[in-house]
Amino acid sequence: MKNLKALFWIVIALNSFLLFLVEPMFNRMLLPVAGSSMSVWNIALMCFQVLLLCGYVYTHYLPQVIGYKAYMRVHVVLLIASALFSFLFFTIKSFTVNTSSPSMDILLILLSTIGVPFFVVSTSSTNFQRWYGVTYKERPYHLYSLSNGGNLLALIGYGLLVEVLFGLKSQILIWNILYAAAVAIGVYIGMRVYRNLGARDFIDVTEQSAESAKETIGFKRKMIWLWLSFIPCGLMIATNTVLDNTVNVNHIHYFWILPLAIYLIAYIIAFSRFKFFDTSVYEKVALWLSITMVGILFLPVHSYVYIVAMLALFMVSLVCNIYLVQDAPPESNLTEFYLYIAIGGALGGIVASIMAPLVFNNVYEYPIIILMFLFTMLGKHRENKVELFPIEPWEYSILFVALLCIVLLNGLSVKVTGALGLFCLFVSFTVRRLYIYPKSRLVSLVILVLFTVTFNHVLLRHIDYQARNFYGIKTVKKNDYIDKEGNKHQLVHLVVGNTLHGSQFEKGSTYEFEALTYYDRAGSTVGRFFTANKDKVRRVGVVGLGVGTLSAVSDVGQEWRYFEIDPQITAIARNTNYFTMMDRYQHEIVMGDARVTLQAEKDQYYDVLVLDAYSGDMIPANLLTKEAVELYQRKLKDNGILMFHISNRQFELKPVMSTVAEAIGVDCYVDTAPSKGTVVKTDSVWVMMTNNKDFVSDTWAKIEKYPHFELWTDDKYSIASVLRE
């Protein structure tokens, strides 16, 4: 059966490639109806991990129940049925999601479209490795690296190649064809192995499956496998959330995919035969990266957070997986080993993607998982009776000085003298332990870092309110403002992630209802537009509520309607303890995804539609496609106005605007005058689409044509095409 060896390699690599190619593809299919949130990706990852777990349960327990010979027949039939299911159900469809609580709808859509083929693909690596081991009498663990290599190729290739070259319909068709090929190869291998294994071989395989539970693998060892799998998987999803809320990682697939790719690279290195360095080197690097990441997690150093988070995820995952490999059982327990790895991964996904947003109002799951990792390292060394790598005096001295400076600077800025005194007493005690008791330095160091971060985050931040849900972390902050006459006022801000979504002077202030930030009446494009055209505009629709600041430029007799997807944003905007714009103007708010809720609006109803649903540098690309803009045009009166807020540090959106406007036959302009807030210093860039020259002032200039730029449609768009150089 020498000629089968190459087929084993091909089918394992192909199935692994398809397994991780479908993840960003499904995410791309679902984003337009689920609010374009990073949580869509996290929920999908969690569901995929649970399906992987189901696959491992199937491959581990079913042979014990029905015997391996019958199991092989069942699996071949299941392969063929899954290919038929995929062609029938994994297609472009119209989905409806309850945007107030979309997690369950996302899970149901996933299961009803790609659930069955994904489940079958998830069993392929374990099954084919097992068949390979039985056929060639070799340990198949090196094939795990091949499997992860196929996973990694799919993740990298999707954002850089597949999405750029193919529309979504073509992507799904190609996936189905490749999956049919993988099924055909798998069926052929299964039939060959089935025919060539004698009765004794089937008995041996069945006995191995049945006896695996009788071997000396105790409950504690299984829980260690689960624990070591839980940490990197939970940390990967927590890293996604950190990047979404502190760095505004965009809806560009290879940014979202990067943590998963790093997670896989760690697996590949750990399960390969090349470790490069001693484990203690990885442990020490992981220790310092983890401490650094926790130290800067809640500080406004966003570009550094991205780099350190990726490195910390890699090193933590690598160390945990090296521990797993060191404790790997013989091949007779292969499926059981993978089963507990899958259980840990699924639990990590459930905790980080579903439970954490319900329990925490910030990304507190991240430091908790890091703490779990640090104590895992400590426990591993104590179990092996090996002294943990030495921590040199210069190392903890540098860390101590850095942490102390951060706290003192923040503390003095808000004058919490008493709290600082208590902090310094505690630090003195901890530092004494660091220098005098070398055996407990790691524990003392961990305690020092955690206490410092907690002190800095809880006592020294100007946070009045914080909430978290599927769409991200919302924070209400206040700061003082001194006007030209020297009078002191308080400004209240709503920040989503790290992006300002609206500001207002405190309740009762002389300037309470002034338009601020991107909507400044005199300084911003949109403020000047509504001020100059108040007599021409009667009905206004605004996609994206913020705190309702734009209402400040409305006029008596005008009808304004907001379209907002996040119920927490609406609740905060209506909470008069913080913001009063919506209470004063009583403008209507329509909840739900704008592309869905606008469908229900009357055609040719609005004079102006304002698209301001972007969060920092994050682009809900489904709001900028040709089909989306055609929807907006239908809701506008003849010669109405479409206004887009396209401020962005990462992406140049003018080519998108220009090509879409050209495709639907309207003129496209950009405001050349500065658009700045005068109180809250914010710059903004606005684009207008209209054929009505009455609204086009001298500051508006037509956007140039981009003949070589590909039109964005619902089926095909690539955010990589608008990356700034």
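Keep in mind it's a predicted model, so treat the numbers as computed, not measured. (Residues numbered from 1 in each chain as written. Predicted model: local features only at pLDDT ≥ 70, side-chain atom pairs only at ≥ 80, totals over all residues. Heavy atoms only, no water.)

Asker: Residues and numbers for the environment of Val666, please.
Answerer: With respect to the helices, strands and loops of the structure, Val666 is situated in the loop between helix H23 (654-664) and strand S10 (667-671). Beyond its immediate chain neighbours, meaning those up to four positions away, Val666 contacts Gln633, Ala661, Met689 and Asn691. (Helix = DSSP H or I, 4+ residues; strand = E, 2+ residues; numbered from the N terminus. Contact = heavy atoms within 4.5 Å.)

Asker: Which residues make up the packing of aromatic side chains, and what values do they have?
Answerer: Tallying each qualifying case throughout the model produces 28 aromatic pairs. Their ring planes at 85° and their centres at 5.1 Å tell us that Trp225 and Phe337 sit as a pair that is edge-to-face. A residue pair is termed long-range when its members are at least 10 positions apart, and Trp225 in helix H9 (residues 219-247) and Phe337 in helix H13 (residues 334-359) qualify at 112 residues. The same class applies to Trp225 as to Phe337, namely buried. Ring geometry for Tyr465 and Tyr578: centres 5.8 Å apart, planes at 35°, overall tilted. Taken together, the residues span a long stretch of sequence, with Tyr465 in strand S1 (residues 463-469) and Tyr578 in the loop between helix H19 (567-573) and helix H20 (581-585) at a distance of 113 residues. By relative accessible area, Tyr465 is classed as partly exposed at 33%. Judged by relative accessible area, which is 15%, Tyr578 ranks as buried. (Phe/Tyr/Trp six-rings, centres within 6.5 Å; stacked < 30°, edge-to-face > 60°. Buried < 20%, exposed > 50% of the residue type's maximum accessible area, 1.4 Å probe, protein only.)

Asker: Explain the nonpolar core to me, and be specific about the residues and the numbers.
Answerer: The biggest cluster of nonpolar side chains holds 137 residues, and the ones touching the most others in it are Phe8, Phe26, Ile114, Trp175, Met293, Tyr366 and Phe373. Among all residues touching Phe8, those that are not within four sequence positions of it are Phe128, Trp131, Tyr132, Thr135, Tyr136, Ile189 and Val193. Among the nonpolar cores identified, the runner-up in size contains 44 residues, and Leu491, Val492, Tyr519 and Leu545 belong to it. (Core = buried A, V, L, I, M, F, W, Y, C linked by side-chain atoms within 4.5 Å.)

Asker: Could you give me a rundown of the environment of Ala663, with the residues and numbers involved?
Answerer: Tracing the backbone through its elements, the reader meets Ala663 in helix H23. Distance in space between the C-alpha atoms of Ala663 and Glu630 is 9.7 Å, their sequence separation being 33 residues.

Asker: Give a detailed account of the sheet that holds strand S12 (residues 700-702), specifying residues and quantitative values.
Answerer: Through backbone hydrogen bonds, the strands of a sheet pair up, either in parallel or in antiparallel fashion. Taken in spatial order, the 8 strands line up as S7-S6-S5-S8-S9-S11-S10-S12 in an open sheet, and their pairing is mixed. Of all strands in the sheet, those with a lone pairing partner are strand S7 (588-591) and S12, marking the two edges. Within the sheet, the average angular offset between the axes of one strand and its neighbour, ignoring direction, is 25°. Here 5 bridges tie strand S8 (residues 606-611) to strand S9 (residues 636-645), and the two strands are oriented parallel to one another. From the neighbouring strand, Leu611 faces S9, where its bridge partner is Phe644. Contacts from helix H22 (residues 626-635) reach S8, S9 and strand S11 (686-690) within the one sheet, and its direction differs from that of S9 by about 135°. Its contacts with the sheet put H23 on S9, S10 and S11, and the angle it makes with S10 is roughly 155°. (Pairing = 2+ DSSP bridges. Axes fitted to C-alpha atoms, helices over the stretch in contact; angles between N-to-C directions.)

Asker: Tell me about the state of the cysteines, residues and numbers included.
Answerer: Within the structure shown, the criterion is met by 0 disulfides. Summary of cysteine pairing: Cys47 is not part of a disulfide, and the nearest cysteine sulfur, belonging to Cys54, is at 8.8 Å. Its relative accessible area of 37% is what places Cys54 among the partly exposed residues. (Disulfide = S-S within 2.5 Å.)

Asker: Kindly report on the sheet that holds strand S4 (residues 499-505), identifying the contributing residues and their values.
Answerer: Taken in spatial order, the 4 strands make up an open sheet running S1-S2-S3-S4, and their pairing is antiparallel. Each edge of the open sheet is held by one strand with a lone partner, namely S1 and S4. Looking at each pair of strands side by side, their axes are set apart by 20° on average, direction ignored. The sheet contact formed by strand S2 (residues 472-482) and strand S3 (residues 488-496) spans 9 bridges and is antiparallel. Of the residues in S3, the one forming a bridge with Val476 is Leu494.

Asker: Please give an account of the side chain of Ser124 that cites residues and values.
Answerer: Its place among the elements puts Ser124 in helix H5 (residues 115-136). Looking at Ser124, the relative accessible area reads 0%, which means it is buried. Within polar-contact distance, the side chain of Ser124 engages the side chain of Asn15 at 3.3 Å. Aside from chain neighbours lying at most four places away, what touches Ser124 is Asn15 and Gln129. (Polar contact = N/O pair within 3.5 Å; in protein donor to acceptor, adjacent residues only side chain to side chain.)

Asker: Report on the pairing of S11, specifying residues and quantitative values.
Answerer: Here S11 lies mainly inside the structure; 5 of its 5 residues are buried. Side chains of S11 alternate between two faces, with Trp686, Met688 and Thr690 and Val687 and Met689 buried alike. Bridge count for S9 against S11 is 4 bridges, and the pairing is antiparallel. Residue pairing in the sheet places Met643 in a bridge with Met688 of S11. Here S10 runs beside S11; their pairing, made up of 4 bridges, is antiparallel. Bridging from a neighbouring strand, Cys668 pairs with Met689 of S11.

Asker: So what's going on with the packing of helix H4 (residues 103-113) against H5? Which residues, and what values?
Answerer: Packed helices, taken two at a time, are described by the angle between their axes plus the distance between the axes. As a packed pair, H4 and H5 sit with axes 4 Å apart at the nearest point and diverge in direction by 70°. Considering the angle they form, H4 stands roughly perpendicular to H5. On H5, the residues touching Leu110, Leu111 and Thr113 of H4 are Gly115, Val116 and Pro117. Counted by class, the contact of H4 with H5 contains 4 nonpolar, 2 polar and no charged residues. (Parallel < 35°, antiparallel > 145°, perpendicular 65-115°, else oblique. Nonpolar A, V, L, I, M, F, W, Y, C, P; charged D, E, K, R; others polar.)

Asker: Talk me through a nonpolar patch on the surface; I want residue IDs and the actual numbers.
Answerer: Together, Ile156, Leu160, Leu161, Val164, Leu165, Phe166 and Ile174 make up a nonpolar patch on the protein surface, roughly 580 Å² of accessible area in all. Ranked by the residues each element gives to the nonpolar patch, the list is headed by helix H6 (residues 142-165), at 5 residues. Inspection of the secondary structure assignment puts Ile156 in helix H6. (Patch = residues over 30% accessible without salt bridge, like charges linked within 9 Å, V, L, I, M, F, W, Y side chains within 5 Å. Areas by Shrake-Rupley, 256 points an atom, 1.4 Å probe, with all protein chains shown as cover. Salt bridge = Lys/Arg side-chain N within 4 Å of Asp/Glu carboxyl O.)

Asker: Kindly report on the pattern of salt bridges, identifying the contributing residues and their values.
Answerer: Opposite charge on two side chains lets them pair, provided their charged atoms get close. Counted by the stated rule, this structure contains 19 salt bridges. Asp327 is the salt-bridge partner of Arg221, the closest N and O atoms lying 3.1 Å from each other. Of this pair, Arg221 sits in helix H9 while Asp327 sits in the loop between helix H12 (302-326) and H13, placing them 106 residues apart in sequence. What makes Arg221 partly exposed here is its relative accessible area of 24%. Note that Lys716 and Glu710 form a salt bridge whose closest N and O atoms lie 3.2 Å from each other.

Asker: Describe the side chain of Asp671, naming the residues involved and giving the relevant values.
Answerer: Of note, Asp671 is situated in strand S10. Of note is the side chain of Asp671, whose polar atom sits 3.0 Å from the side chain of Arg528. Here Thr699 takes part through its side chain, which lies 2.9 Å from a polar atom of the side chain of Asp671. In contact with Asp671, other than residues within four places in its own chain, are Thr525, Arg528, Trp686, Thr699 and Trp700.

Asker: Now, about H23: what can you tell me, with residues and values included?
Answerer: Regarding H23, the residues found buried are Pro655, Val656, Met657, Ser658, Thr659, Val660 and Ala661. Positive backbone phi, approximately 80°, marks Gly665, located one or two places after H23.

Asker: Tell me about the pairing of S10, residues and numbers included.
Answerer: Burial within S10 is extensive, with 5 of its 5 residues counted as buried. Covered by surrounding structure in S10 are Asp667, Tyr669 and Asp671 together with Cys668 and Val670, the residues of both alternating faces.

Asker: Can you explain the packing of helix H3 (residues 68-89) against helix H7 (residues 168-196)? Please cite residues and give values.
Answerer: At their nearest, the axes of H3 and H7 sit 10 Å apart, and the two run at 165° to each other. In this view, H3 runs roughly antiparallel relative to H7, as classed from their interaxial angle. You can see that H3 and H7 cross each other, and the crossing is left-handed. Contacts from Lys69, Met72, Arg73, Val76, Leu79, Ile80, Ser82, Ala83, Ser86 and Phe87 of H3 reach H7 at Trp175, Asn176, Ile177, Tyr179, Ala180, Val183, Gly186, Val187, Gly190, Val193 and Tyr194. Its residues assigned to classes, the contact of H3 with H7 shows 14 nonpolar, 5 polar and 2 charged. (Left-handed = near helix turned anticlockwise from the far one by under 90°.)

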